Amino acid sequence: MIKQINEAVEYIQAIYATAPQVGIVLGSGLGSFTAEMKVEAAIDYADIPHFPVSTVKGHSGKLIFGELGGKKVVAMAGRFHYYEGYSPEEVVFPIRVMKFLGITTILISNAAGGMNAGFAVGDLMAINDHISFFAVNPLIGENSEKLGPRFPDMSEPYSKALIAKAKTIAAAANITLREGVYCGVTGPTFETRAEYKFLHIAGGDAVGMSTVQEVITAVHMGVTVFAMSVITDLGIREEENKITHEEVLQAAKEAEPKLTLIFKELIAGL
Ligand code: HPA
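This section reports on the structure supplied with the text. (Residues numbered from 1 in each chain as written. Predicted model: local features only at pLDDT ≥ 70, side-chain atom pairs only at ≥ 80, totals over all residues. Heavy atoms only, no water.)

We now examine the overall build of the chain. Helix and strand counts for the chain come out as six helices and nine strands. Expected size for 270 residues packed as a compact globule is a radius of gyration near 18 Å; at 17 Å, the chain falls within 12% of this value. Expressed along its principal axes, the backbone C-alpha trace of the chain runs to roughly 55 × 40 × 35 Å. Counting only residues that meet the buried cut, the chain has 54% of its 270 residues in that class. Taking all contacts inside the chain whose residues are at least 6 apart in sequence as the whole, residues at least 24 apart take part in 82%. A total of about 11400 Å² of accessible surface is found on the chain, and carbon and sulfur atoms cover 54% of it. Side-chain charges in the chain split into 22 positive and 30 negative, and the spacing between the mean points of these groups amounts to 4 Å. (Helix = DSSP H or I, 4+ residues; strand = E, 2+ residues; numbered from the N terminus. Rg over C-alpha atoms; globule rule 2.2 N^0.38 Å. Buried < 20%, exposed > 50% of the residue type's maximum accessible area, 1.4 Å probe, protein only. Contact = heavy atoms within 4.5 Å. Areas by Shrake-Rupley, 256 points an atom, 1.4 Å probe, with all protein chains shown as cover. Lys, Arg positive; Asp, Glu negative; His and termini not counted. Charge placed at Lys NZ, Arg CZ, Asp CG, Glu CD.)

Right, dumping it as structure tokens:
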């Protein structure tokens, strides 16, 4: 594992030698965020040793290096999902590589189904905790102390300080920023009515098919995490409630400028 990470890091550093300070992971329909960056290098996942290759519509599959908010950043345009058939280790491999490249903070975005009755499509939600529903833990297996401890603490996986900063940024820009618990599921099916209801009763405000494994991996390695969901559909409506991937992408695209503003200012304030 460590050897594979180092090989990926060596390949990247031969192309782009500057250490990034912040990692960014962009969710479905949120890839054009990188237009905000002063791009200095873009490397196809397919060219990086041991990197899995992205298959989902709306995910472009590049590691993008550059500057944003006066900081050196690396953004994943496109991420890997467990439902695509990757192992949990493959899903989180890029997170480990970004840490070995030098990141100390990671900002993660995703599209998610809203379950909190106060949420509307297009809302942003700062994730303040998560519940993993069958999203297999990526740390199962032999632990390398070079990555982190065998039994990582998960009492504050999402930095309270960064959530507070994001709230201040959102308020100043007149953006409604919700806060809540993200339920991580495997997908690829959207939830049944009974499942949305169950996840809501269990304490979830939003549900999605990514993020949890990445956050566990980042926390394991001591990386500070901020994560935000774009609410792209509402799971607990009584009326007809069909959900399509196209709707999810569309809603994410519309909310993207708000997300971009918050991420940008958070990075500038680090
Ligand atoms: N459920 C799971 N994943 C999702 C959803 C949802 O409703 N919306 C966007 N990603």
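Here the focus is the side chain of Arg79. Note that Arg79 resides in the loop between strand S4 (71-77) and helix H2 (88-101). Among the polar contacts listed, one links the side chain of Arg79 to the backbone oxygen of Ser109, at a separation of 3.1 Å. One polar contact links Arg79 to Ser210, side chain to side chain, over a distance of 3.2 Å. (Polar contact = N/O pair within 3.5 Å; in protein donor to acceptor, adjacent residues only side chain to side chain.)

Along the polypeptide, Glu142 turns up in the loop between strand S6 (124-132) and helix H3 (160-172). Classification of Glu142 as exposed rests on a relative accessible area of 81%. As a C-alpha pair, Glu142 and Ser132 span ten residues in sequence and 21 Å in three-dimensional space.

In the neighbourhood of the ligand, the contacting residues comprise Ala111, Ala112, Gly113, Phe190, Glu191, Tyr196, Val207, Gly208, Met209, Thr232, Asp233 and Val248. A distance of 2.7 Å is found between an oxygen atom of the ligand and a side-chain nitrogen or oxygen belonging to Tyr196. Here an oxygen atom of the ligand and a side-chain polar atom of Asp233 are 2.7 Å apart. When the free accessible area of the ligand is taken as 260 Å², the share hidden by the protein chains comes to 96%. Looking at the shell around the ligand, the elements with two or more residues in it are strand S5 (105-114), strand S8 (206-208) and strand S9 (224-234). Element by element, the count of residues in the shell around the ligand is highest for S5, at three residues. Looking at side-chain class alone, the shell around the ligand contains seven nonpolar, three polar and two charged residues. (Near = heavy atom within 4 Å. Nonpolar A, V, L, I, M, F, W, Y, C, P; charged D, E, K, R; others polar.)

Right, let's talk about the nonpolar core for a bit. Core analysis: the largest hydrophobic core is formed by 77 residues, its most contacted members being Ile24, Ile106, Phe226 and Ile262. Once residues within four sequence positions are removed from consideration, Phe226 is found in contact with Ile106, Leu107, Ile108, Ala126, Leu162, Ile163, Ala166, Phe263 and Leu266. (Core = buried A, V, L, I, M, F, W, Y, C linked by side-chain atoms within 4.5 Å.)

Another aspect to go through is the pattern of salt bridges. Under the criterion given, the structure shown has nine salt bridges. The partner of Glu67 in a salt bridge is Lys72, with the nearest N and O atoms 3.2 Å apart. A residue is classified by how much of its surface remains accessible, and Lys72, at 24% relative accessible area, is partly exposed. Between Glu214 and Arg79 there is a salt bridge; the shortest N-O distance is 2.8 Å. Separated by 135 residues along the polypeptide, Glu214 in helix H5 (residues 212-220) and Arg79 in the loop between S4 and H2 bring together distant segments of the chain. For the pair Glu214 and Arg79, a shared accessibility class is recorded, and that class is buried. (Salt bridge = Lys/Arg side-chain N within 4 Å of Asp/Glu carboxyl O.)

Mapped onto the elements of the fold, Leu249 is located in helix H6 (residues 245-268). Distance in space between the C-alpha atoms of Leu249 and His200 is 23 Å, their sequence separation being 49 residues.

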